[in-house]
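# Reading the structure
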Amino acid sequence: MASKSAKKANLLDHHSIKHILDESVSEVVTSRGYVEDVRLSNVRLLVGTIIIVIALFAQFYKKKFPENRDFLIACIGLYPFFFFFNGLLQLIIYTKEKDAILFTYPPAGSFTSTGLVVSSKLPRFSDMYTLTIASADPKSVSAQEPVHLTKSVTQWFTKDGVLVEGLFWKDVEALIDQYTKEPKKSK
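This structure is a prediction, so every number in the text was calculated from the model and none was measured. Going along each chain's sequence as written, the residues are numbered from 1 onward. With the structure being a predicted model, the display of local features is reserved for residues of pLDDT at least 70 and the display and counting of side-chain atom pairs for 80 or more, all residues being used for whole-chain, interface and lining totals. Calculation of side-chain values draws on the structure's entire complement of heavy atoms; hydrogens and water are dropped beforehand.

## Notes on the environment of Val153
Test applied: What counts as a helix is a DSSP run of H or I of at least four residues, what counts as a strand is a run of E of at least two, and both are numbered from the N terminus. Think of it in three bands: residues with accessible area under 20% of the maximum for their type are buried, residues over 50% are exposed, and the middle band is partly exposed, with areas taken using a 1.4 Å probe on protein chains only. In this description, contact between two residues means that some pair of their heavy atoms is separated by no more than 4.5 Å.
The residue Val153 is located in the loop between strand S4 (147–152) and helix H4 (165–181) in this model. Under the relative-accessibility criterion, Val153 is labelled buried at 8%. Along the sequence, Val153 and Glu97 sit 56 residues apart, while their C-alpha atoms lie 23 Å from each other. When residues no more than four places from it in sequence are discounted, the contact partners of Val153 are Ile17, Leu21, Leu122, Asp127 and Tyr129.

Spelled out as structure tokens, the structure:
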């Protein structure tokens, strides 16, 4: 296991439970040689930073209003571009990420050309946690069929809210093994 300190969740807060489980899933997957793919997040951060910089320039430009009129018009003229670009990014996130908690590159030295998409669900008022591992590129020749694990979170937490990492890691590793050993899907 990667961490030494016990992970504790508020058992009355399903967001807290899901956060700890998702964090642990990421640790298990990356410990198996998969490197996280953060390209989409980096693009979103870059666009947000550019928008903030333009807003700061517009707000704190050295000249006062009547003199900086042309500069303000240029800044305002750039906003529709960023609004459209952010809308496009949100559409990509909505269609591609969905419930994904982790995108990965293929492991180094592997024969597959696609990484993993790890997603999870913990519906409100439910104790059933569903973990799904699928191919990052489902149309790839090396893509496998997605595999799922649905189990009650009570199997992995003590009554005090401490995650029993050994049991959870074992279940997640078994799911990864099931995904990597599953026969290729037929086309």
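## A closer look at the nonpolar core
Our working definition: For the purposes of this section, nonpolar cores are sets of buried Ala, Val, Leu, Ile, Met, Phe, Trp, Tyr and Cys residues that join through side-chain atoms within 4.5 Å.
Counting residues in hydrophobic clusters, the biggest one holds 27 residues, and the most contacted among them are Leu21, Tyr129 and Phe157. Elements represented by at least two residues in this core include exactly helix H1 (14–31), strand S2 (116–121), strand S3 (128–135), S4 and H4. If we ignore the near neighbours within four places in the chain, the residues touching Phe157 are Ala9, Leu11, Ile17, Ile20, Leu21, Val162 and Leu163. In this structure, Val47, Ile51, Cys75 and Leu89 belong to the second largest nonpolar core, which totals six residues.

## A closer look at the side chain of Asp171
Going by this rule: Whenever two N or O atoms come within 3.5 Å, that pair is a polar contact, provided that in protein one can donate a hydrogen and the other can accept it, and provided that, for residues adjacent in sequence, both atoms are side-chain atoms.
Secondary-structure assignment places Asp171 in helix H4. Under the relative-accessibility criterion, Asp171 is labelled buried at 16%. Only 2.8 Å separates the side chain of Asp171 from the side chain of Lys151, close enough to count as a polar contact. Once residues lying within four places of it in the same chain are set aside, the contact partners of Asp171 are Leu149, Lys151 and Trp156.

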